Amino acid sequence: MSEPIRISRASVKKPKPKDRELSFGTVFTDHMFVMDFQEEKGWYDPRIEPYGPLSLDPAAAVLHYAQAVFDGLKAFRGNDGKVRLFRPQKHLDRINISAKRLCIPPLDPELALKALVTLVGIEKDWVPSTVGTSLYVRPTIIANEAFLGVRPAKSYLYYVILSPVGAYYPEGMNPVKILVVDQFVRAVEGGVGGVKTGANYAASLYASEDAKHEGFTQVLWLDGRERKYIDEVGTMNIMLKIDGEVITPPAGGTILAGVTRDSALALMREWGLRVSERQIAIDEVAAAARRGTLEEVWGTGTAAVISPVGELAYKGERIVVNGGKIGALTKKLYDAIVGIQYGTAPDTHGWTVVV
Ligand code: COI
């Protein structure tokens, strides 16, 4: 039996935005989950308290050496009024995998799930209901020991905050324009690209800003060694359909094991599609486009769910995908995943947890 979760309620409640006003990650709910770790005690004092600033020593290890991990998942309100978390156990497994790589002590998965369900339950009224909106859940672990030596910290803070969100990209389901970068890389073999840690996102900013200035929504990353194989697209996993085959680079190594990626692969395999998790060179993609066999390209991620790619720019060449329109499989995947998330399609995989 895990420790009971202490609850102290906020005395003042914030106004809730209208569904149509929602963007991504700007508004936060009234409460958050918090738990501490000390070497001698393990994780202790799980609690839900009013949302508010953290108190951190300026010497806290996270602020200097980025010893931190996070994850991101969503709760959806269905037509039936029920609130469902999408694959929370899978996200909690992943935060523990990320934590191990960053020398952070693991969470008890049972307590962590109970914490998510209890917190989202308390904040149920914050879950928006329009399709395309959801409550984004951000579990985070930071090293909060005040110590400037470089070694794993002896104390940590785990917290979970919630944010009602709309579309991640203002384009929504309109295909995005992507710049293939070969001057910068996101991750290298043996590094931390395969786990969810803030440093990966910090490292991505410079190239992403460059791409935005040139009129692109995001970048397509290539591998760090040869700058030849495709890696991720922006903050998402990438999938391509070429001549009837769906291809996505293998997770692990430099590529995050996306939960939406995993869900999309499972569905496409059930639909009898030919699906390969293998490396694919950007030159192979360009050659397919010239031959007319590059059928569809899309990104998968929790924030955007499925994001169609309409154009890739590589070394001055414009690779237009499906005439810049969303492809049939991209749309089918989006509808299938969203159907399960909002409870309008049967959850045959047991992916949702009703709050
Ligand atoms: C995703 O869900 O696709 C992400 O990587 C989240 C992002 C806001 C960091």
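Residues numbered from 1 in each chain as written. Predicted model: local features only at pLDDT ≥ 70, side-chain atom pairs only at ≥ 80, totals over all residues. Heavy atoms only, no water.

Some points on the site of the ligand
- Near the ligand the following residues occur: Phe24, Tyr136, Arg138, Tyr168, Lys196, Tyr201, Thr235, Gly301, Thr302 and Ala303.
- At 3.1 Å from an oxygen atom of the ligand is found a side-chain nitrogen or oxygen belonging to Lys196.
- The protein chains hide 92% of the 280 Å² of surface that the ligand would expose on its own.
- More than half of the atoms belonging to the ligand lie within 2 Å of the grid points that define the largest pocket.
- When grouped by side-chain class, the residues that make up the shell around the ligand number five nonpolar, three polar and two charged.
- Of the residues that make up the shell around the ligand, three or more belong to each of domain 1 (6-166) and domain 2 (176-341). (Near = heavy atom within 4 Å. Polar contact = N/O pair within 3.5 Å; in protein donor to acceptor, adjacent residues only side chain to side chain. Areas by Shrake-Rupley, 256 points an atom, 1.4 Å probe, with all protein chains shown as cover. 1 Å grid on protein atoms, 1.4 Å probe; cavity = no way out; pocket = protein on both sides within 12 Å on 5 of 7 lines; lining within 4 Å. Sits in = over half its atoms within 2 Å of the grid points. Nonpolar A, V, L, I, M, F, W, Y, C, P; charged D, E, K, R; others polar. Domains from an automatic or database assignment.)

Focus on the nonpolar core
- Core analysis: the biggest nonpolar cluster contains 37 residues, and Phe33, Ile141 and Tyr158 have the highest contact counts within it.
- Every element with two or more residues in this core is listed here: β2 (31-38), β3 (42-50), β5 (73-77), β6 (83-86), α2 (88-101), α3 (109-122), β7 (134-143) and β8 (155-165).
- With six residues, the single largest contributor to this core is α3.
- Discounting residues that sit within four places of it in the chain, Ile141 has contacts with Trp43, Gln67, Ala68, Val69, Ile95, Ile104, Leu107, Tyr156, Leu157 and Tyr158.
- Counting 26 residues, the second largest nonpolar core, distinct from the first, contains Val233, Met236, Ile242 and Ile282. (Core = buried A, V, L, I, M, F, W, Y, C linked by side-chain atoms within 4.5 Å. Buried < 20%, exposed > 50% of the residue type's maximum accessible area, 1.4 Å probe, protein only. Helix = DSSP H or I, 4+ residues; strand = E, 2+ residues; numbered from the N terminus. Contact = heavy atoms within 4.5 Å.)

Quick word on the domain arrangement of the chain
- Per the domain assignment, the segments making up the chain are domain 1 (6-166) and domain 2 (176-341).
- A separation of 27 Å is found between the C-alpha centroids of domain 1 and domain 2.
- Taken together, the contacts link 22 residues of domain 1 with 22 residues of domain 2.
- Both faces combined, the contact of domain 1 with domain 2 buries some 1,800 Å², and carbon together with sulfur accounts for 62% of it.
- A per-residue breakdown of the area domain 1 buries against domain 2 is headed by Phe70, Phe86 and Arg94, which together make up 33% of the total. (Buried area = accessible area lost by both parts, 1.4 Å probe.)

Focus: the environment of Ala251
- Summarising the element assignment, Ala251 is placed in the loop between β13 (245-248) and α5 (259-270).
- Among the residues examined, Ala251 registers a relative accessible area of 31% and is labelled partly exposed.
- Distance from Ala251 to Gly194, taken between C-alpha atoms, is 7.0 Å for residues 57 residues apart in sequence.
- Non-local contacts of Ala251, meaning those with residues more than four positions away in its chain, are made with Leu256, Ala257 and Arg261.

Considering the layout of surface pockets
- For the largest pocket, the calculated volume is near 620 Å³.
- Around the largest pocket, the lining comprises 31 residues; the ones closest to its centre are Arg138, Tyr168, Tyr201, Thr235 and Ala303.
- Those elements that provide at least two residues to the lining of the largest pocket are β7, α4 (198-213), α5 and β15 (294-301).
- Take the lining of the largest pocket: its biggest share by element is six residues, from α4.
- A class-by-class count of the residues in the lining of the largest pocket yields 13 nonpolar, twelve polar and six charged.
- Two domains share the lining of the largest pocket, each providing at least three of its residues, namely domain 1 (6-166) and domain 2 (176-341).
- Reported here for the second largest pocket is a volume of approximately 280 Å³. (Points joined across faces, edges and corners; volume = space filled by probe spheres on them.)

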